[in-house]
Amino acid sequence: MKGEKNVDIQALKDIANKLRIDSIIATNASKSGHPTSCASMAEIMSVLFFHTMRYKISAPRDPSADRFILSKGHAAPILYAAWAEAGLFPVDDLKNLRKLDSDLEGHPTPRLNFVDVGTGSLGQGLAVAAGMAYVGKYFDQAPYRVYCLVGDGEAAEGSIWESLHFASHYKLDNLVVIFDVNRLGQSEPTSLQHQLDVYDARLKAFGLHSLVVDGHDVSELVKAFDEAASVTGRPTALVAKTFKGKGFPGIEDSENWHGKALGADGEKIIKHLESQMKSTKITLQPLPPLAEAPRVHIGDVTLSTPPAYRAGEQVATRLAYGTALKKIADTNMRVIALDGDTKNSTFSDKLRAAYPDRYIECFIAEQNLVGVATGAACRDRAVVFVSTFAAFFTRTFDQIRMGAISQSNINLAGSHCGVSIGEDGPSQMGLEDIAMFRAVPTATVFYPSDAVSAERAVELAANTKGICYIRTSRPNTNILYPNDTVFKVGEAKVVRQSAKDKLLFIGAGVTLHEAIAAADKLKEEGVEARVLDPFTIKPLDEAAILANARAAGGRVLVVEDHYQAGGIGEAVLSALALERDVVVKHIFVKEVPRSGPPTALLDKYGLSAPNIVSGAKQLLNV
């Protein structure tokens, strides 16, 4: 590594002030933004981008290059300024900050070719950085390093400490986290303000190599980053004492300047900053990556063998998920699994048993789990599958939402959905998850109803862009489909039909099987019912639902192991909203359920075959 003797310290100081000036100009042009938040980290950015980090201006997402995650995304202007001053795009473009037709948005998103993930919802960047570092250390085995800048305000987020624990546990010595301790939050001082010793003690307790530095001393930062590069066996944390609005006379370290452009004060402050500089020309250039990261192929993922189930067999879809996960790992070395200590229930342990090096245990820290997955998938380095109970993904909704903003391709499998899990009770029952994932704009929602379709859902998800969610069930259920059945995203399957159908049943998972049993009972009474398996809830096969609703006399009954809001029923109702001659009855879980045997719970909450028969008779009399 370069030593301090080879560094032009004055040039780095000048660059820091140039970045401050750029941030003022950009935020003044947009009349909004966070120039004071940028000012506190100017020296850190100068040293990182013009001394420490190795990257190519010509290829911002080169897989061999060092990574930088700005967790405090509101300081986006100085990130944009660093890349502009390095030569990626004209500095004058910074004046387009926050304009509707500009990708220089208020917080970073991957619309920009130098941004890996969207940040701005605080407390999430470090998990992403940890995922990147894990891939770099254990999968790519390449020398690139990962740097994450965290604001002291967001250090109050528990997810930050989940990620620090993860990084320490896995000895991610290629990860450096910088705490920009500028003392001031949005509306008042942070809880710890400048108690650097407290940050330092906590980070050391978490097992990090922690260094307290003057965040405005370029020489000290150079030395600290160089020291971090020599640390082995643990990540490094820099606790940088900084001041919000550093270098802005009358504003530095003052409250009530968060998120405000400087306006008329800006010109005077720019002149002051220029007076501190020896040169406004930037001559320093980043060094290239040390070595090439391995080339990987993550497309065209297939099952190593097709589903192999027997008619009459009963298999839980969660078990089929694990089987399929191992099968796609057979055919692609970049398929990896992450779990939150539920692997023996979600059956992700099948991949772990076969390929232990491609399994990442994230323990009971689900927000970090999803964040790490997003980082692992960045720059197309892995095909990532994340599993836990469906209920527990609800606590990660913000990470999932930010994953969509980040254009991330991650696959999430939620097991133990609905009241059908039985005695564990409502805290373990995913009854809101379909609504949650349907609300995510980039999401595909799979809901397989047997083992064959579950295996194919895994295969399809591995090849589908965006956020994929696979909802799996705990109970064993009948095999419905021949092993050679072809499944497609957005294509429903009709599992029971006749020319005399009087109504259409739509169910998924356990309720599809209850609907089939209900159709059998009605047939004994002389009433034919068609049964449809949507397979994907999003995108929903609206054409098939409409065609089959019409063929079945315009009477539709939807039954689901989920609450009403946002579930399958509402998706179907939206698809049929403009149809004059179609009536829809919706059966769903209407209250917070209790513990009990699965069959008893299905019956109590109206989801069992007898309840469906009763609902069908009501519908036929409408």
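Note: the structure precedes this text.
This report concerns the structure included in the present document. (Residues numbered from 1 in each chain as written. Predicted model: local features only at pLDDT ≥ 70, side-chain atom pairs only at ≥ 80, totals over all residues. Heavy atoms only, no water.)

1. Thoughts on the overall build of the protein chain
Phase 1 of the analysis: For the protein chain, the helix and strand inventory stands at 21 helices and 19 strands.
Phase 2 of the analysis: Its C-alpha atoms give the protein chain a radius of gyration of 28 Å, within 12% of the compact-globule value 25 Å for 622 residues.
Phase 3 of the analysis: In terms of principal-axis extent, the alpha carbons of the protein chain reach across some 90 × 50 × 40 Å.
Phase 4 of the analysis: Considering the protein chain as a whole, with its 622 residues, one finds that 61% of them fall into the buried category.
Phase 5 of the analysis: A separation threshold of at least 6 residues defines the contact pool for the protein chain, and within that pool the share at least 24 residues apart is 79%.
Phase 6 of the analysis: A total of about 23,200 Å² of accessible surface is found on the protein chain, and carbon and sulfur atoms cover 48% of it.
Phase 7 of the analysis: Computed over 67 positive and 72 negative side-chain charges, the inter-centroid distance for the protein chain is 2 Å. (Helix = DSSP H or I, 4+ residues; strand = E, 2+ residues; numbered from the N terminus. Rg over C-alpha atoms; globule rule 2.2 N^0.38 Å. Buried < 20%, exposed > 50% of the residue type's maximum accessible area, 1.4 Å probe, protein only. Contact = heavy atoms within 4.5 Å. Areas by Shrake-Rupley, 256 points an atom, 1.4 Å probe, with all protein chains shown as cover. Lys, Arg positive; Asp, Glu negative; His and termini not counted. Charge placed at Lys NZ, Arg CZ, Asp CG, Glu CD.)

2. Focus: the pairing of strand E11 (residues 443-446)
Taken residue by residue, a regular strand's side chains alternate between the two faces of the sheet.
Phase 1 of the analysis: Side-chain alternation along E11 places Ala443 and Val445 on one buried face and Thr444 and Phe446 on a second face that is also buried.
Phase 2 of the analysis: With four bridges joining them, E11 and strand E12 (residues 467-471) adopt parallel strand pairing. The residue bridging Phe446 from the neighbouring strand is Ile470, located in E12.
Phase 3 of the analysis: Each parallel crossover has a hand, and for E11 linked through helix H16 (residues 451-462) to E12 it is right-handed.
Phase 4 of the analysis: Taken together, the two bridges between E11 and strand E17 (residues 536-538) define a ladder with antiparallel strand orientation. (Pairing = 2+ DSSP bridges. Right-handed = clockwise from strand over helix to strand, strands pointing away.)

3. Digging into the packing of helix H3 (residues 42-52) against helix H8 (residues 218-230)
Each pair of packed helices can be described by the angle between their axes along with the distance between the axes.
Phase 1 of the analysis: Orientation of H3 relative to H8, taken along the N-to-C sense of each, is 55°, at an axis distance of 10 Å. With respect to H8, the axis of H3 lies oblique. Handedness of the crossing formed by H3 with H8: right-handed. On H8, the residues that touch Glu43, Ile44, Val47, Leu48, His51 and Thr52 of H3 are Val218, Leu221, Val222, Phe225 and Asp226.
Phase 2 of the analysis: Per-class residue counts for the contact of H3 with H8 are seven nonpolar, two polar and two charged. (Axes fitted to C-alpha atoms, helices over the stretch in contact; angles between N-to-C directions. Parallel < 35°, antiparallel > 145°, perpendicular 65-115°, else oblique. Left-handed = near helix turned anticlockwise from the far one by under 90°. Nonpolar A, V, L, I, M, F, W, Y, C, P; charged D, E, K, R; others polar.)

4. Comments concerning the packing of aromatic side chains
Phase 1 of the analysis: Following the criterion strictly, the structure yields 23 aromatic pairs and no others.
Phase 2 of the analysis: Summarising the aromatic geometry, the rings of Phe49 and Phe68 are spaced 5.4 Å apart at their centres and angled 75° between planes, so their arrangement reads as edge-to-face. A residue pair is termed long-range when its members are at least 10 positions apart, and Phe49 in helix H3 and Phe68 in strand E1 (residues 67-70) qualify at 19 residues. The two residues Phe49 and Phe68 agree in class, both being buried.
Phase 3 of the analysis: Their ring planes at 65° and their centres at 5.1 Å tell us that Tyr55 and Trp83 sit as a pair that is edge-to-face. Of this pair, Tyr55 sits in the loop between H3 and E1 while Trp83 sits in helix H4 (residues 76-86), and the two are 28 residues apart along the sequence. Judged on exposure class, the residue Tyr55 and its partner Trp83 are both buried.
Phase 4 of the analysis: Three or more aromatic residues joined by ring pairs make a cluster, and in this case those are Phe49, Tyr55, Phe68, Tyr80, Trp83, Phe89 and Phe114.
Phase 5 of the analysis: Note that Arg358 overlies the ring of Tyr355, its terminal NZ or CZ placed 4.1 Å from the centroid.
Phase 6 of the analysis: Across the ring face of Phe487, the terminal group of Lys493 is positioned such that the distance to the ring centre comes to 5.0 Å. (Phe/Tyr/Trp six-rings, centres within 6.5 Å; stacked < 30°, edge-to-face > 60°. Lys NZ or Arg CZ within 6 Å of the ring centre and 35° of its normal.)

5. Points about the side chain of Asp140
Phase 1 of the analysis: For Asp140, the position within the fold is in helix H5 (residues 125-140).
Phase 2 of the analysis: Once you skip the residues sitting within four places of it in the chain, Asp140 turns out to touch Val135, Pro294, Arg334 and Arg381.

6. A few points about H8
Phase 1 of the analysis: Taking 1.5 Å of rise per residue, the 13 residues of H8 would be expected to cover 18 Å, and the 19 Å separating its terminal C-alpha atoms lies within 8% of that figure.
Phase 2 of the analysis: All of the buried residues along H8 are Val218, Leu221, Val222, Ala224, Phe225, Asp226 and Ala228.
Phase 3 of the analysis: For H8, the side-chain oxygen to backbone nitrogen distance between the N-cap and Ser219 is 3.0 Å, and the N-cap itself is Asp217. (Expected span 1.5 Å × (residues − 1). Polar contact = N/O pair within 3.5 Å; in protein donor to acceptor, adjacent residues only side chain to side chain.)

7. Here we look at empty space enclosed by the protein
Phase 1 of the analysis: Under the defined criterion, the tally for this structure stands at three cavities of 30 Å³ or more.
Phase 2 of the analysis: Empty space within the largest cavity amounts to approximately 150 Å³.
Phase 3 of the analysis: As for the largest cavity, its lining consists of 18 residues, of which Phe68, Ile69, Phe114, Val115 and Asp116 are closest to the centre.
Phase 4 of the analysis: At the level of secondary structure, the elements contributing two or more residues to the lining of the largest cavity comprise E1 and H4.
Phase 5 of the analysis: Per element, the largest residue contribution to the lining of the largest cavity is four residues, and it comes from E1. (1 Å grid on protein atoms, 1.4 Å probe; cavity = no way out; pocket = protein on both sides within 12 Å on 5 of 7 lines; lining within 4 Å. Points joined across faces, edges and corners; volume = space filled by probe spheres on them.)

8. Looking at the sheet that holds strand E16 (residues 528-533)
Phase 1 of the analysis: Pairing is mixed in the open sheet, where five strands are placed in the order E14-E16-E15-E18-E19. Two strands close off the open sheet at either side, each with one partner strand: strand E14 (493-496) and strand E19 (583-589). Averaged over all neighbouring strand pairs, the angle between strand axes comes to 25°, with direction disregarded.
Phase 2 of the analysis: Strands strand E15 (501-506), strand E18 (555-563) and E19 of the sheet are contacted by helix H19 (residues 568-575), whose axis makes an angle of about 145° with E18.

9. Regarding the pattern of salt bridges
Phase 1 of the analysis: In total, this model carries 29 salt bridges according to the counting rule given.
Phase 2 of the analysis: Where Glu43 meets Arg20, a salt bridge forms, and the shortest distance between an N and an O atom there is 2.7 Å. In this pair, Glu43 is assigned in helix H3 and Arg20 in helix H1 (residues 9-30), connecting sequence segments 23 residues apart. Each of the two residues, Glu43 as well as Arg20, counts as buried.
Phase 3 of the analysis: Measuring nitrogen to oxygen at the nearest pair gives 2.8 Å for the salt bridge that ties Asp398 to Arg401. (Salt bridge = Lys/Arg side-chain N within 4 Å of Asp/Glu carboxyl O.)

10. Brief notes about unusual backbone geometry
Phase 1 of the analysis: Here the amide bond leading from Lys538 into Pro539 is cis, since omega sits at 0°, within 30 degrees of zero.
Phase 2 of the analysis: Position of Pro539 among the secondary structure elements: in the loop between E17 and helix H18 (542-551).
Phase 3 of the analysis: In this structure, Asp253 is a non-glycine residue whose phi angle is positive, near 60°.
Phase 4 of the analysis: Here the phi dihedral of Gln407 falls at roughly 55°; this positive angle occurs in a residue that is not glycine.
Phase 5 of the analysis: By secondary structure assignment, the location of Gln407 is in the loop between helix H14 (397-405) and strand E10 (410-415).

11. A word on the sheet that holds strand E2 (residues 146-151)
Phase 1 of the analysis: Judged by pairing direction, the sheet is parallel, and its five strands sit side by side in the order E1-E2-E3-E5-E4 without closing on themselves. Strand pairing shows two members of the sheet lacking a second neighbour, E1 and strand E4 (209-214), which therefore form its edges. Each neighbouring strand pair of the sheet contributes to a mean axis angle of 20°, computed without reference to strand direction.

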